[in-house]
Each structure stands twice: as C-alpha cells, then as structure tokens.
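# Survey of secondary and tertiary structure
What follows is the residue order along each chain.
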Amino acid sequence: MTESSVVRTGPPGVLARLQGRVPPLVADTALATALFLLTLGPGRVADGTGFALQTALVLPLVWRRRAPRSAFGVIAAAALAQWLLGVQLPADAALLVALGTVTARAPYRSAWAAGLVAVAGAALAAARWAPEGRFLASAAAMTAAVAASALLGANTRIRRAARAERLARLERDRDERERRAVEEERARIARELHDSVTHGLSVVVALADALGHARPADASAVTARIAETGRQALTDMRRALGLLQDDGTDSGTDAGPGDDRRSPPGIGQLGVLCERMEAAGLVTRLRVDGEAAGVPAAAQLTVHRLVQESLTNVLRHAAEGTRAEVRVSCAPGAVTVEVTDDGRAGGTGRAGSAGSGLGLTGMRERAAAFGGVLEAGPRPGDGWRVFVRLDPGGAS
C-alpha cells in the first residue's frame with residue numbers, strides 16, 4: 001500500500017490545494033476582511049460605536065489559529081458589549097467561526113466551555129431581538145447554528161488526528177521496512193561469507209591433512225594447491241563484500257581490468273570447483289546439460305554456490321573415499337541442480353569439521369530467491385542427495 005493510497009481518500013479539491021499553498025495568517029486575514037466587508041453596509045453599522053463593535057467582532061479572526069481561545073474570548077466579549085448596547089450586527093457570525101476553530105484546535109475542556117458560552121449568547125440574542133412570539137424558534141435556529149459550527153470543528157479535529165495517525169503509521173512501516181532491509185543485508189553478508197570462507201578453509205584443511213602423508217616429491221604440488229585455494233577464498237570473499245557494498249545484489253559489476261569482482265563465478269566455473277575438490281581428496285564427476293549462456297548471471301552464481309556448499313558438506317561430513325556427482329541441467333525457464341554422494345554421513349570427513357548449521361539454511365534461502373525449493377536428505381543405503389529446481393525468470 002502506497003502513501004498516496006493511504007493518506008488521500010479522494011482527489012484534492014481547490015480549497016485543499018489553496019490551504020496547502022496559502023500561509024495561515026494570510027488566509028485568516030483574508031477571511032476577516034471578507035467578513036468585515038460583507039457585513040458592512042447601510043442599515044448595519046450606523047455610527048462610530050457600531051463600526052468599533054464591527055471591528056472588534058471580526059479582527060480577532062486574524063489570529064484565530066495561533067490563539068483560538070484568545071480570539072474566541074475577545075469576540076465573545078465584543079458580542080456581549082454589543083448585546084448590552086442594543087446594537088444588532090450581522091458580524092456576530094464571527095463568533096461561530098471562532099467557535100469552530102476552538103473546537104478543532106483547543107483542548108476539549110476549552111471547546112465545551114466555548115460551546116456553552118455560544119449557546120448562552122444565542123439565548124440572550126433571541127430574548128432581545130427575536131420577533132414577538134418567536135423566541136423559541138429564534139433560539140432553536142441560533143442554537144442549531146452553534147451546534148453546526150461546533151460539529152464542523154470537531155470533524156476537522158478528527159480528520160487531522162486521523163491523518164496524523166496515518167502518517168505516523170506510514171513512518172512506522174517505513175522504519176520497519178528499513179529494519180528488515182538491514183536484517184536481510186546482514187543475512188546476505190553472512191551467507192556470502194559462509195559460502196566463500198567455509199569452502200576455502202575446508203579445502204585448505206583437507207589439503208593440509210593430505211600434506212602430512214604426501215611423498216616429498218608431491219609435497220610442493222600440495223603446498224601450491226593450498227596457496228591457490230587460499231587465494232581463491234580471499235578473492236571470493238572480496239567479491240562478496242564488494243558486491244554487497246556496491247548494490248546489495250549478486251550480479252557482476254563494471255569493474256575495470258584486474259578487479260576480481262567483475263566476473264562472479266557461474267556454471268562455467270563448476271569444472272574448476274570440481275578440480276579443487278578432487279585435489280582435496282573428494283572424487284567429483286560433473287555433468288552439465290543444456291546451454292548455460294541463457295541463464296542470468298545471478299542465477300548462475302546461485303547454482304555455483306549451491307554446488308559449492310553441497311560439495312563442501314560432503315568433504316566435511318562424509319567418510320574418506322567418498323565420491324560425488326554433480327548434475328546441472330539448463331533448460332528454457334528452468335535450471336535443475338543435483339549433487340549426490342555415496343559416502344557415509346556422520347564421520348569426520350576429510351576436513352574434520354562438524355559445521356555451523358548455517359550452510360543448509362543459506363542454500364534454502366538462495367533457492368527460494370529463484371522460486372526453488374531445496375530437497376536435501378539421505379539416499380537409500382549410503383550417501384546424501386541435494387536437489388533443487390530454479391526459475392531464473394521468477395527471482396524475488
């Protein structure tokens with residue numbers, strides 16, 4: 001729901017647009033001037049006393065919004081003086097305007113007090129100036145005018161309070177969205193770091209363990225592989241942090257030559273990933289069906305991370321000698337990923353780590369981002385299977 005649909009209940013009228021553009025003091029001055037001129041004329045203000053009373057009744061409307069109770073008090077006092085002097089003026093309508101303002105802006109006690117004063121004034125005016133035998137009708141008519149003015153003011157108060165509540169709710173919703181965005185960003189950072197760092201360290205641990213049993217002639221090759229894996233882990237970590245810092249997405253950037261963030265890993269790099277796992281002691285077979293060129297970069301990165309995390313889990317948890325198989329199928333509108341192994345779960349594995357439990361959660365979140373549901377569980381007999389079907393066109 002957008003702000004415009006919440007705050008506005010209909011198209012703004014001319015009066016609403018003018019109220020938003022004209023300063024309150026200017027608008028109230030214009031109102032007082034118009035009322036003064038409309039109620040000034042032959043037979044209405046006969047002498048200087050009438051002119052002074054006319055001015056005293058209308059002039060306080062200029063500051064009615066800044067000091068509603070003071071404006072009402074001055075107008076009520078002028079109306080009482082008018083009644084005592086026996087001068088009947090149409091400018092008494094200013095009292096109704098002031099009453100509406102008090103009802104809309106002043107505390108409830110002041111609004112009730114102003115209403116009682118206005119009703120008493122209506123009764124006094126009817127008693128003095130109503131035609132003979134028409135007291136009740138005149139008093140009822142003037143009381144109805146007082147009630148209508150008070151109701152208009154109360155309606156204005158209610159609408160203002162409702163609008164303020166809607167705006168406050170919109171601000172709370174905005175703050176909640178920002179808070180959720182921050183939490184999602186933190187989760188994304190944690191997932192990226194988990195995928196890059198955990199995989200690299202697991203391979204390094206496995207290689208280091210193998211180094212202790214390697215022949216002297218093979219030690220240099222294993223050491224070189226450890227260094228290469230460590231550099232790749234650092235590259236993946238810098239890429240993850242760089243992408244998140246740039247725009248919070250998993251897509252590539254337009255970095256210049258030499259920037260390791262410009263080409264995030266995808267389906268085409270799965271072969272290198274499997275070779276790295278082979279060097280760590282996990283025999284891995286890869287099969288890719290279909291054309292990966294038509295799969296978006298973000299979806300390819302997700303496929304790469306899913307395979308990476310699945311193979312890392314096999315390396316860490318399955319027994320030594322386990323074999324893994326990776327199958328990726330690229331079809332129009334869908335990408336399927338299946339990683340299976342024939343090892344026994346629950347062992348220390350080549351990497352000798354029990355894991356943090358974040359890997360599977362991160363994989364489910366990655367799959368859900370592309371409309372996929374991750375299936376992970378033991379295979380009949382020995383081994384583990386991870387399967388997911390992604391919809392690259394339905395990314396959330």
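Residues numbered from 1 in each chain as written. Predicted model: local features only at pLDDT ≥ 70, side-chain atom pairs only at ≥ 80, totals over all residues. Heavy atoms only, no water.

## Looking at the overall build of the chain
Basically, it comes down to this: Counting from the N terminus, the helices are DSSP H or I runs at least four residues long and the strands are E runs at least two residues long. For every residue, the accessible area obtained with a 1.4 Å probe (protein chains only) is divided by the maximum for its type, and the residue is called buried under 20%, exposed over 50%, and partly exposed between those limits. Two residues form a contact once any of their heavy atoms are found within 4.5 Å. To measure how exposed things are, a 1.4 Å probe is used in the Shrake-Rupley method; for residues, cover is taken only from the protein chains shown.
A tally of regular secondary structure across the chain gives 12 helices and five strands. With 396 residues in all, the chain has 36% of them scored as buried. Contacts in the chain between residues far apart in sequence, at least 24 positions, make up 69% of those at least 6 positions apart. Of the roughly 21900 Å² of accessible surface on the chain, a fraction of 59% belongs to carbon and sulfur atoms.

## Notes on helix α11 (residues 297-317)
Put simply, the test is: For a helix, the expected span equals 1.5 Å multiplied by the residue count minus one.
The end-to-end C-alpha distance of α11 is 30 Å, a good match for the 30 Å that 21 residues give at a rise of 1.5 Å each. For α11, the buried fraction is high: 17 of the 21 residues fall into the buried class.

## Focus on the pattern of salt bridges
Heads up, the rule is: A carboxyl oxygen of Asp or Glu within 4 Å of a side-chain nitrogen of Lys or Arg is what we treat as a salt bridge.
Scanning all chains against the criterion turns up 11 salt bridges. When the shortest N-O distance is used, the salt bridge between aspartate 28 and arginine 65 registers 3.0 Å. Separated by 37 residues along the polypeptide, aspartate 28 in helix α3 (residues 24-38) and arginine 65 in the loop between α4 (48-58) and α5 (68-85) bring together distant segments of the chain. With relative accessibility at 27%, the residue arginine 65 sits in the partly exposed group. Across the pair glutamate 176 and arginine 179 runs a salt bridge, and its minimum N-O distance is 2.3 Å.

## So, the side chain of glutamine 82
This is how the line gets drawn: Any N or O atom pair separated by 3.5 Å or less is treated as a polar contact, with the protein-specific requirement of one donor-capable and one acceptor-capable atom, and with residues adjacent in sequence counted only for side-chain atom pairs.
Counting through the fold element by element, glutamine 82 comes out in helix α5. For glutamine 82, a relative accessible area of 1% translates into the label buried. In this structure the side chain of glutamine 82 is engaged in a polar contact, spanning 3.0 Å, whose partner is the side chain of aspartate 92.

## Quick word on the environment of alanine 104
Take alanine 104: it is sitting in helix α6 (residues 93-105). For alanine 104, a relative accessible area of 8% corresponds to the buried category. With 53 residues separating them in the primary sequence, alanine 104 and arginine 157 have C-alpha atoms 4.6 Å apart. Those residues in contact with alanine 104, other than ones at most four positions away along the chain, are Gly153, Thr156, Arg157 and Arg160.

## Digging into the packing of α6 against helix α7 (residues 108-129)
Heads up, the rule is: To obtain an axis, a line is fitted to C-alpha atoms, over the contacting stretch when the element is a helix, and the angle between two such axes runs from 0 to 180 degrees between their N-to-C directions. Every angle not falling under 35 degrees, over 145, or within 65 to 115 is termed oblique; those three ranges are roughly parallel, roughly antiparallel and roughly perpendicular. Should the near helix be turned counterclockwise from the far one by less than a right angle, the crossing is left-handed, whereas a clockwise turn marks it as right-handed. Polar here means any residue other than Ala, Val, Leu, Ile, Met, Phe, Trp, Tyr, Cys and Pro, which are nonpolar, and Asp, Glu, Lys and Arg, which are charged; Gly is therefore polar.
It is at 8 Å that the axes of α6 and α7 come closest, and there the two elements cross at 160 degrees. Viewed along their axes, α6 and α7 adopt a mutual orientation that is roughly antiparallel. Helix-helix and strand crossings are classified by hand; for α6 and α7 the assignment is left-handed. Where α6 abuts α7, its residues Leu99, Val102 and Thr103 lie against Ser110, Ala111, Ala114, Gly115 and Ala118. Taken together, the residues of the contact of α6 with α7 break down into five nonpolar, three polar and no charged.

## Points about the sheet that holds strand β1 (residues 283-289)
Keep this limit in mind: Here, a strand pair is defined by DSSP locating no fewer than two bridges between the strands.
Strand order in the open sheet formed by five strands is β1-β2-β3-β5-β4, and the pairing between neighbours is mixed. In this open sheet, the two strands that pair with only one neighbour each are β1 and β4 (375-378). Across the sheet, the axes of successive neighbouring strands diverge by a mean angle of 10 degrees, strand direction being ignored. Note: strand β2 (residues 323-331) against strand β3 (residues 334-341), eight bridges, orientation antiparallel. Bridge assignment links alanine 331 to a residue of β3, and that residue is alanine 334. Sheet strands touched by helix α10 (residues 270-279): β1 and β2. Its angle to β1, the strand with the most contacts, is close to 170 degrees.

## Focus on the confidence of the model for the chain
To be explicit about the condition: You can read pLDDT as the predictor saying how much it trusts each residue, on a scale of 0 to 100.
Mean pLDDT over the chain stands at 79; residues scoring 70 or higher make up 75%. Scored below 50 in pLDDT, residues 350-356 makes 21 contacts in the model with residues more than four places away or belonging to other chains.

## With respect to the packing of aromatic side chains
Our working definition: Working definition: rings of Phe, Tyr and Trp (its six-membered ring) pair if their centres are within 6.5 Å, and the pair is stacked with planes under 30 degrees apart, edge-to-face with planes over 60 apart, and tilted otherwise. Look at NZ for Lys and CZ for Arg. If either is within 6 Å of the ring centre and within 35 degrees of the ring normal, a charge sits over the ring.
What the rule picks out here adds up to one aromatic pair. Here phenylalanine 36 and phenylalanine 51 contribute two aromatic rings whose centre-to-centre distance is 5.7 Å and whose plane-to-plane angle is 90 degrees, an arrangement assigned as edge-to-face. One end of the pair, phenylalanine 36, is in helix α3; the other, phenylalanine 51, is in helix α4, with 15 residues separating them in the sequence. In this structure phenylalanine 36 comes out as buried when scored by relative accessible area, which is 17%. Its guanidinium or amino end placed over the ring of tryptophan 83, arginine 128 lies 5.3 Å from that ring's centre, counting from NZ or CZ. The side chain of arginine 157 reaches across the aromatic face of tyrosine 108, ending 4.4 Å from its centre.

## Comments concerning the environment of glutamate 375
Checked against the element boundaries, glutamate 375 lands in strand β4. Among residues more than four places away in sequence, those in contact with glutamate 375 are Arg385, Val386 and Phe387.

## Remarks on the environment of arginine 191
Looking at the secondary structure, you find arginine 191 in helix α8 (residues 135-211). The exposure class assigned to arginine 191 is buried, which follows from its relative accessible area of 14%. Considering only alpha carbons, one finds arginine 191 and arginine 305, 114 residues apart in sequence, at a separation of 10.0 Å. Not counting the four nearest positions on each side in its chain, arginine 191 is found in contact with Gly362, Glu365 and Arg366.

## A look at the side chain of aspartate 28
The class of aspartate 28 is buried, set by a relative accessible area of 2%. A polar contact of 3.1 Å, which involves the side chain of aspartate 28, links it to the side chain of arginine 64. Dropping the residues within four chain positions of it, aspartate 28 is found in contact with Leu61, Val62, Arg64 and Arg65.

## Considerations on a nonpolar patch on the surface
Selection rule: Like-charged residues within 9 Å of one another, or nonpolar side chains (Val, Leu, Ile, Met, Phe, Trp, Tyr) within 5 Å, are grouped into patches, provided each residue has over 30% relative accessible area and no salt bridge.
Taken together, the side chains of Leu37, Leu40 and Phe51 make up a nonpolar region of the molecular surface, amounting to roughly 280 Å² of accessible area. Along the chain, leucine 37 turns up in helix α3. What makes leucine 37 exposed here is its relative accessible area of 55%.

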